[in-house]
Amino acid sequence: MASATPDSQARFGQSVKGLLTEKVNTCGTDVIALTKQVLKGSRSSELLGQAARNMVLQEDAILHSEDSLRKMAIITTHLQYQQEAIQKNVEQSSDLQDQLKHLLK
C-alpha cells in the first residue's frame, strides 16, 4: 500500500469507514434487540412468579372450601337426625294425646 496514490488511500479509508459505520450500526441494532429480549424475559419471569403466588392462594382457598363443605355435610347429617327425633316425638305425643282422651272419657 506504500505505493498507492493518496486518492486511492482516501477511497480505501472511506470504504473502511463506511464498513465500520455499518458494523457499528448493526451491533447497535443487535444490542437493542438483545436488551428487548432480556427485558421481555425478565417480565415473563415476573409474571410467572405472580402466577405461582396466585395459584398458591387459590389452592389455599380450595382447601378451605373443601373443609367448609365437609363441616356442612356433618352439620346436615346432625340436623337430619334431630329432625327424625323431633318427628318421632311429635308422633308419640299424638299417640299420648289420643290415650289421654280415651282415659278422660
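Residues numbered from 1 in each chain as written. Predicted model: local features only at pLDDT ≥ 70, side-chain atom pairs only at ≥ 80, totals over all residues. Heavy atoms only, no water.

Participant: Run through the overall build of the protein chain, naming residues and quoting values.
Facilitator: For the protein chain, the helix and strand inventory stands at one helix and zero strands. For 105 residues, the compact-globule estimate of 2.2 N^0.38 gives 13 Å, and the C-alpha radius of gyration of the protein chain, at 45 Å, exceeds that figure by more than 25%. For the protein chain, with 105 residues in total, the buried portion stands at 0%. When the accessible area of the protein chain is evaluated, it comes to approximately 9800 Å², of which 62% is carbon and sulfur surface. Taken as two groups, the 12 positive and 12 negative side-chain charges of the protein chain have centres that lie 10 Å from each other. (Helix = DSSP H or I, 4+ residues; strand = E, 2+ residues; numbered from the N terminus. Rg over C-alpha atoms; globule rule 2.2 N^0.38 Å. Buried < 20%, exposed > 50% of the residue type's maximum accessible area, 1.4 Å probe, protein only. Areas by Shrake-Rupley, 256 points an atom, 1.4 Å probe, with all protein chains shown as cover. Lys, Arg positive; Asp, Glu negative; His and termini not counted. Charge placed at Lys NZ, Arg CZ, Asp CG, Glu CD.)

Participant: Residue-level account of the pattern of salt bridges, with values.
Facilitator: Taken as a whole and assessed by the stated rule, the structure comprises two salt bridges. A salt bridge links D67 to R70, with the shortest nitrogen-to-oxygen separation between them at 3.6 Å. Remark: R70 and D67 occur in helix 1 (residues 6-104); sequence separation between them is three residues, near one turn of the helix. Close ionic contact of K71 with D67 constitutes a salt bridge, the shortest N to O distance being 3.4 Å. You can see K71 and its partner D67 sitting in helix 1, four residues apart, about one turn around the helix. Judged by relative accessible area, D67 falls into the partly exposed class, the value being 30%. Within this structure, D67, R70 and K71 form a network of salt bridges that share partners. (Salt bridge = Lys/Arg side-chain N within 4 Å of Asp/Glu carboxyl O.)

Participant: Talk me through a nonpolar patch on the surface; I want residue IDs and the actual numbers.
Facilitator: Together, F12, V16 and L20 give the surface a local cluster of nonpolar side chains, amounting to about 270 Å² of exposed area. With respect to the secondary-structure elements, V16 resides in helix 1. Taking relative accessible area as the criterion, V16 reaches 32% and is therefore assigned partly exposed. (Patch = residues over 30% accessible without salt bridge, like charges linked within 9 Å, V, L, I, M, F, W, Y side chains within 5 Å.)

Participant: Lay out the environment of G28 with the relevant residues and their values.
Facilitator: By secondary structure assignment, the location of G28 is in helix 1. Taking C-alpha positions, G28 is 93 Å from E91, a pair spaced 63 residues apart along the chain.

Coordinates in, geometry out; function isn't part of it.
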